[in-house]
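Residue-level structural notes
In case you want the letters, here they are:
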Amino acid sequence: MKRLWAWLEARLGLSMFREFGNQQLHKPVPAHANYAFTLGTAALVLFTTQVASGILLAMNYSSGLEKAHLSVHRITYELPSGWLLRSFHAWGSHLMVIILLLHMARVFWYGGYKKPRELTWLFGCGLLFTMLAFGFTGYLLPMDQVSYWGTVVATESFMGLPGLGDSVGHVIRGGAEVTDSTLSRFFIVHVLLLPGAVVGLVAAHLYLVRRLGISPRESVTEEQARGYENMMKESGVPFAAHLYREVTTVLVVLALQVTLAMLWPFALGEPATPDQTPKGVKPEWYFLPVYQLLKYFPKLVGILLVNAALGLFVLLPFLDRNPERRPGKRTFLMGAAGVALLVTLALGALGYVADRRFGNWEFDIQGRPHKVEAK
Amino acid sequence: MIAVLLLLGLVQERVSSDARCIECHKKEAEEWKGSVHARNQAGCTACHGADDVNPAAERKHLKKAPFRAGTKNTSPALCATCHGKEVEAFKESAHWEEDVEAGAKWKAKKLQGCLSCHDPHATSEARRRALFAERCSHCHKETTVQRKRMTAYMDQADPFERDLATLKGFLHEPLPGVPYADVEGARDSGEEKYREMRVRQHSVKFKEIEKVVGPSHAAVSAAAAKQRGLNDAASVKRRKYLVIFLALLAINLLLLRAWCRKKFGGEEAPSAKPA
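Quick caveat, the model's predicted, so the values are computed rather than measured.

1. Description of the overall build of chain B
Looking only at helices and strands, one finds twelve helices and two strands in chain B. Mapped in sequence order, the helices and strands of chain B form the string α-β-α-α-α-α-β-α-α-α-α-α-α-α. Of the contacts formed within chain B by residues at least 6 apart in sequence, a portion of 64% connects residues at least 24 apart. As displayed, chain B has an accessible area near 17400 Å², and 60% of this comes from carbon and sulfur atoms.

2. Focus on the environment of A:Gly150
Residue and element names in this part refer to chain A. Mapped onto the elements, Gly150 comes out in helix 7 (residues 145-156). Since its relative accessible area comes to 1%, Gly150 is described here as buried. Taking the C-alpha atoms as reference points, Gly150 and Phe136, separated by 14 residues in sequence, lie 9.5 Å from one another. Setting aside anything within four residues of it in sequence, one finds Gly150 in contact with Tyr139, Val281 and Lys282.

3. Brief notes about the nonpolar core
One recurring pattern in soluble globular proteins: nonpolar side chains tend to sit buried together. Residue and element names in this part refer to chain A. Met96, Ile99, Tyr113, Trp121, Met131 and Val198 are the most contacted members of the largest nonpolar core, which has 29 residues in total. Those elements that place two or more of their residues in this core are helix 3 (39-58), helix 5 (82-109), helix 6 (118-140), helix 9 (180-212), helix 12 (239-263) and helix 16 (331-353). At seven residues, helix 5 tops the list of elements feeding residues into this core. Each residue touching Ile99, except ones within four places of it in the same chain, is listed here: Leu39, Ala42, Ala43, Leu46 and Val253. In this structure, Tyr61, Ile172, Leu183 and Val281 belong to the second largest nonpolar core, which totals 22 residues.

4. Some remarks on unusual backbone geometry
For the bond running from A:Lys115 to A:Pro116, omega is 10°, close enough to zero to count as cis. Its location among the elements puts A:Pro116 in the loop between helix 5 and helix 6. The phi angle at B:Val204 is positive, at roughly 50°, despite the residue not being glycine. On the secondary structure map, B:Val204 appears in the loop between helix 11 (184-200) and helix 12 (206-264). Residue B:Val204 is classed as partly exposed on the basis of its relative accessible area of 29%.

5. Here we look at the packing of helix 6 of chain A against helix 9 of chain A
Residue and element names in this part refer to chain A. Where helix 6 contacts helix 9, the two axes come as close as 9 Å, and the packing angle between them is 160°. On the basis of the axis angle, helix 6 is roughly antiparallel to helix 9. As for how helix 6 packs across helix 9, the hand of that crossing is left-handed. Grouping the constituent residues of the contact of helix 6 with helix 9 by class yields 21 nonpolar, nine polar and no charged.

6. Examining the interface of chain A and chain B
Counting from both sides, the interface comprises 30 residues of chain A and, opposite them, 33 residues of chain B. Between chain A and chain B lies a buried interface of about 2700 Å² when both sides are counted; carbon and sulfur atoms form 71% of it. Across the chain A-chain B interface, the total number found is zero salt bridges. The tally of links between chain A and chain B comes to two residue pairs in polar contact (both at pLDDT 80 or more). When contributions to the side of chain A that touches chain B are tallied by element, the ones reaching two or more residues are helix 2 (15-26), helix 4 (67-77), helix 11 (228-235) and helix 12 of chain A. A breakdown of the residues in the side of chain A that touches chain B according to their chemical character gives 19 nonpolar, six polar and five charged.

7. Thoughts on the sheet that holds strand 4 (residues 361-363) of chain A
Residues and elements named next belong to chain A. Strand order in the open sheet formed by three strands is 3-4-5, with antiparallel pairing between adjacent strands. Edge positions in the sheet fall to strand 3 (357-358) and strand 5 (369-371), since each has one partner strand and no second. Across two bridges, the pairing between strand 3 and strand 4 is antiparallel. Directly across from Phe358, in strand 4, lies its bridge partner Trp361.

8. Digging into the packing of helix 5 of chain A against helix 12 of chain A
Residue and element names in this part refer to chain A. Axis separation between helix 5 and helix 12 bottoms out at 8 Å; the angle between their running directions is 130°. Judged by the inter-axis angle, helix 5 sits oblique to helix 12. The element helix 5 and its partner helix 12 pack so that their crossing is right-handed. For the pair helix 5 and helix 12, contact is made by Trp83, Leu84, Ser87, Phe88, Trp91, Gly92, Leu95 and Ile99 and by Val253, Leu254, Leu256, Gln257, Val258, Leu260, Ala261 and Met262, respectively. Split into classes, the residues belonging to the contact of helix 5 with helix 12 amount to 13 nonpolar, three polar and no charged.

9. A short note on the pattern of salt bridges
For the structure shown, the criterion picks out 14 salt bridges over all chains. Between A:Lys114 and A:Asp320 there is a salt bridge; the shortest N-O distance is 2.9 Å. Here A:Lys114, found in the loop between helix 5 and helix 6, pairs with A:Asp320, found in the loop between helix 15 (316-319) and helix 16; they are 206 residues apart in sequence, far enough to count as distant. In this structure A:Lys114 comes out as buried when scored by relative accessible area, which is 2%. Two residues, B:Lys193 and B:Glu196, come together in a salt bridge whose shortest N-O distance is 3.8 Å. One end of the pair is B:Lys193 and the other is B:Glu196, both in helix 11 and three residues apart, which spans about a single turn. The partly exposed category is assigned to B:Glu196, whose relative accessible area is 32%. Overlapping salt bridges bring together B:Glu92, B:Arg200, B:Lys205 and B:Glu208 as one network.

What counts and how
Residues numbered from 1 in each chain as written. Chains lettered and ligands numbered in written order. Predicted model: local features only at pLDDT ≥ 70, side-chain atom pairs only at ≥ 80, totals over all residues. Heavy atoms only, no water. Helix = DSSP H or I, 4+ residues; strand = E, 2+ residues; numbered from the N terminus. Contact = heavy atoms within 4.5 Å. Areas by Shrake-Rupley, 256 points an atom, 1.4 Å probe, with all protein chains shown as cover. Buried < 20%, exposed > 50% of the residue type's maximum accessible area, 1.4 Å probe, protein only. Core = buried A, V, L, I, M, F, W, Y, C linked by side-chain atoms within 4.5 Å. Axes fitted to C-alpha atoms, helices over the stretch in contact; angles between N-to-C directions. Parallel < 35°, antiparallel > 145°, perpendicular 65-115°, else oblique. Left-handed = near helix turned anticlockwise from the far one by under 90°. Nonpolar A, V, L, I, M, F, W, Y, C, P; charged D, E, K, R; others polar. Buried area = accessible area lost by both parts, 1.4 Å probe. Salt bridge = Lys/Arg side-chain N within 4 Å of Asp/Glu carboxyl O. Polar contact = N/O pair within 3.5 Å; in protein donor to acceptor, adjacent residues only side chain to side chain. Pairing = 2+ DSSP bridges.

And the structure:
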């Protein structure tokens, strides 16, 4: 083994990588880093498993209006363990969004987006939106009734807007309607463009995380006065001492993904029928708050509201000038975030119950309940 | 003359769309929503026809016909336009009265033809047991032969319906990765017999229906049981594999954690700082 290492070392200079790895392992992290600080690694590992399972799925997938459903049917019902692979990938996409949202919530809670880590936050936002785009494009690929009509409804949000609305809708759909052009477009974006974008964004995000380090609990002013390096020398612990937490979270997430895929595998619905709208068509759960909000306002106002909210979220490091990082000293922002979270959850819940019936209660498309007499 | 006609034209509107009816008949519209008629796009004018309306007048509908087409006494004839087979079966029953217009027997017994059992606006898939309990028992008391026959029929029809729904569910959304048990034939013939049963029950010749339904029910039950067996076996197998996988993962996790702590330190070894 030693001789093999020496042989490779002479040709590839592998010790450089080992040295780099050691440096990273011993780079100090703040002592308060707990399990909440492992979600970024979990998301990264989840992305690699998504790529691996996605490649295997793509080997058996055909993009085309009728072929798509047939190929996913083959994967789900005929290919050995194809159902497991597809469910693993589908559950992975849901877990990815959950983990990223929790990760961002952690960064927000600990004030990790503040100076000098504004760009880390921006790249993180870019990653979140890219992952949502993954979900949006991947949702159509099975081409069953739910996925087809879900995409019709979601893309319709862009149409009819004054100005560029129709053009944007046409670009997304590849035409006026959701057709095989849309499917080809979504497939290419899903398997080629978005993975490339994620690799670039992850590289930039990780570079910044390693360069600037994980934010301390102290205020921005104190960090600037004492210097991050000095603070870490005094109270930091090496990343290696935190590694077992990272390993634990990654394995727990993997276990959860496999368990969900095994116990609740994704079935495949009827093939997409463009002239037959099924009842209660909805986009994925993470788009429900936006989808529901657009029902209460004229289209232009709704879109402006959504964009304003997203703008506030993305530009948070530049808008929040309070140097404090401890949540107790940022009560106004914490309160505002709490209200925003409650509104988002309420909109999501309304979106979930809208156009559905639960017992004797029927909810209209705006989520208003109506009592229905038992028949 | 032209001015009068124009004026009439202004105050009158043709009720040719259901949206116009809903403005006044809110209760009926609410009942109609979610009904079988609503799902099949049979709106107000499908039964009631269209009429000239003067919204300002006290008696808003100007003509009785054709608006009054959908009334209680004429219901079988009207319903037969779509539900011909059911009305034909109904005619074979002891409940039928030839003289529909007079409807003497119905009036005497406070019956209303099709509407005796079906609500015209809130037409749900009539639930036999609820229907029998609520409406038939007005005339057929607990101890009568008719009630016993009804109960015997329901005891066959309900499980048949349930088993068929189970079988259809298995095929409509099969458990991913589980092979089909070649049960489509049983489902198709079961559905055909089920539709026939639904039509024939209007004749209330229950014994005759039971003969038709019995063999099909047995085939449907067997097919459902076969598919359920395959699904259950697959679920048990999956749980077993999952437990093994999770156990291996847990062992790996413990070993990795121990290795990380030993090599790099952790909560128990906070002194493990770079040399």
